[in-house]
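Coordinate inspection notes
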Amino acid sequence: MSKAKQLRETIARRGLARVMAAHSPLSARLAEEAGFDGIWASGFELSALYGLPDVSLISMTQHLDMTRAMAAQTCLPIIADIDTGFGNAINVIHAVKEYERAGAAGVVIEDKSFPKVTSLVEGGRQDLVPIKEFQGKIAAAIESRTSSDFLIIARTEALIAGLGEAEALARALAYEEAGADMILVHSKQDTPAEIESFVRNWQGKAPIVIVPTSYPEMTEEGALAFGKIQVLIYGNHAIRASIQAMQDSFANIIEHGGAHELGNDIASVKEVFRLQKMDQIKENEDRYL
Ligand code: SPV
Ligand code: MG
C-alpha cells in the first residue's frame, strides 16, 4: 500500500491522523515508536536543526534529502512541508515530482510569497500571493503527481497575515476549487477561538488540517468533535523536546564537572544501539563474514 493510501486509511479508521514533526530520520523513528500516525517534515524544524531561521533559507535539496532519508527509516506516511513550493508554479511542478519520488505521502504548499517568513514569530512580514496565482500553483501540483493518492494540501496563511476569517474562507474555497485535497489553516492566536470559528464556518468539502502549536488547548478529542478536521499536526515539538533535553543535560555536566550526575536522564548507549539496529549488524556478521 502506498504511504498516501496508508494516511487516508488511518483517517478513515480513526477520523483524525495525529502527525508529529520530525527533522531527522531518528526523530521520525521515535515518533513512529511513540504511536503517531504520520510525520510532518517540518521546514521550521529542519531550519532550526541547521541553526537557521525558517525564512526560506533551507534549499529544496536539503529538505528533500532529509525527507528521503526519513522515508527510508520510518513506515509512517510523511507530509512534506514545502513552504511556498520554492518559487512559482514551475518550481511547484518540479517539487511535487521530486517529493513523490522521494517517498512522501503528500505535500503542503502555503500561499505566502517567496521568500516566506515563519508564521508564529511576533510581527513577522506575512505577504500572501494573489488567490489566482496560488490556484495556479495548486492546479500545477495536482497535475504533476503520478498517483491521485498523493496528497496536495493547500495552506492558507490569511489568519496569520491578519487578513481575517472572510479572506481565509474565500482563499480556502478557491484552493479547493483548484483541486486541493485538504486545506491547512494556520493561526498564531493563543486560544483555539479563531480556528474554531473558521472550521464552524467552513462550507467546503475538503477536510481541514490544523497545527495547534500556539493553542494547545485544542486537543485531538476537541478537533475530532468538529467532524471537519482530519489531520492534526504537532508542528515543532520534536525539535523543542530535543533542545530542552540537550540544554538540561549539558548544564548538568557543566555544573557537576562530569557526567556522573546524569544517570538515566539521558538515553543509554544500549538504547542508541537499538535505534541504530546494531543487532542486525551482528546477525549479518555471523552470516556473511
Ligand atoms: C513548520 O513546522 O515548518 C510549519 C508550522 O510550517 S509553523 O512553523 O507553525 O508555521
Ligand atoms: Mg513550515
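Read on for a plain summary of the structure. (Residues numbered from 1 in each chain as written. Chains lettered and ligands numbered in written order. Predicted model: local features only at pLDDT ≥ 70, side-chain atom pairs only at ≥ 80, totals over all residues. Heavy atoms only, no water.)

Considering the site of ligand 1
We count it as follows: Nearness of a residue to a molecule or strand requires only that one of the residue's heavy atoms be within 4 Å of it. Polar contacts here mean pairs of N or O atoms no more than 3.5 Å apart (in protein, one a potential hydrogen donor and the other a potential acceptor; neighbouring residues in sequence count only if both atoms are side-chain atoms). Only the protein chains shown count as cover for residues, and the accessible areas themselves come from Shrake-Rupley with a 1.4 Å probe. Under the convention adopted here, Pro, Cys and the residues Ala, Val, Leu, Ile, Met, Phe, Trp and Tyr are nonpolar, Asp, Glu, Lys and Arg are charged, and Gly plus all remaining residues are polar.
Within the structure, ligand 1 sits among W40, S42, G43, F44, D54, D81, S119, L120, R155, H186 and G235. H186 is positioned such that a nitrogen or oxygen atom in its side chain is 2.8 Å from an oxygen atom of ligand 1. For ligand 1, the protein covers 99% of the area, taking 280 Å² as the surface of the free molecule. A per-class count over the shell around ligand 1 returns three nonpolar, five polar and three charged.

Things to note about the environment of T156
Note the threshold: Helix and strand labels come from DSSP, where a helix needs a run of H or I of at least four residues and a strand needs a run of E of at least two; each type is numbered from the N terminus. Should any heavy atoms of two residues lie within 4.5 Å, those residues are considered in contact.
Turning to its location among the elements, T156 is positioned in strand β5 (residues 151–156). The sequence separation of T156 and I183 amounts to 27 residues, and the corresponding C-alpha distance is 7.5 Å. In this structure T156 touches D111, A168, R171, Y175, L184, V185 and H186, once residues within four positions along its chain are discounted. A polar contact is formed between the side chain of T156 and the side chain of D111, at a distance of 2.9 Å.

Re the packing of helix α2 (residues 25–34) against helix α4 (residues 60–73)
Which entries qualify depends on this criterion: Note on definitions: angles span 0 to 180 degrees between N-to-C directions of axes, and those axes are lines fitted to C-alpha atoms, for helices only across the stretch in contact. Angles are sorted into four bins: roughly parallel if under 35 degrees, roughly antiparallel if over 145, roughly perpendicular if 65 to 115, and oblique for all others. Note: crossing handedness is left-handed where the near helix turns anticlockwise from the far helix by less than a right angle, and right-handed where it turns clockwise.
Viewed as axis vectors pointing N to C, α2 and α4 meet at an angle of 40°, and their least axial separation amounts to 8 Å. Taken as axis vectors, α2 and α4 run oblique relative to one another. Taken as a pair, α2 and α4 cross one another with a handedness that is right-handed. Residues P25, A28, R29 and E32 of α2 lie in contact with α4, whose contacting residues are M66, A69, M70 and Q73. Of the residues in the contact of α2 with α4, the class split is five nonpolar, one polar and two charged.

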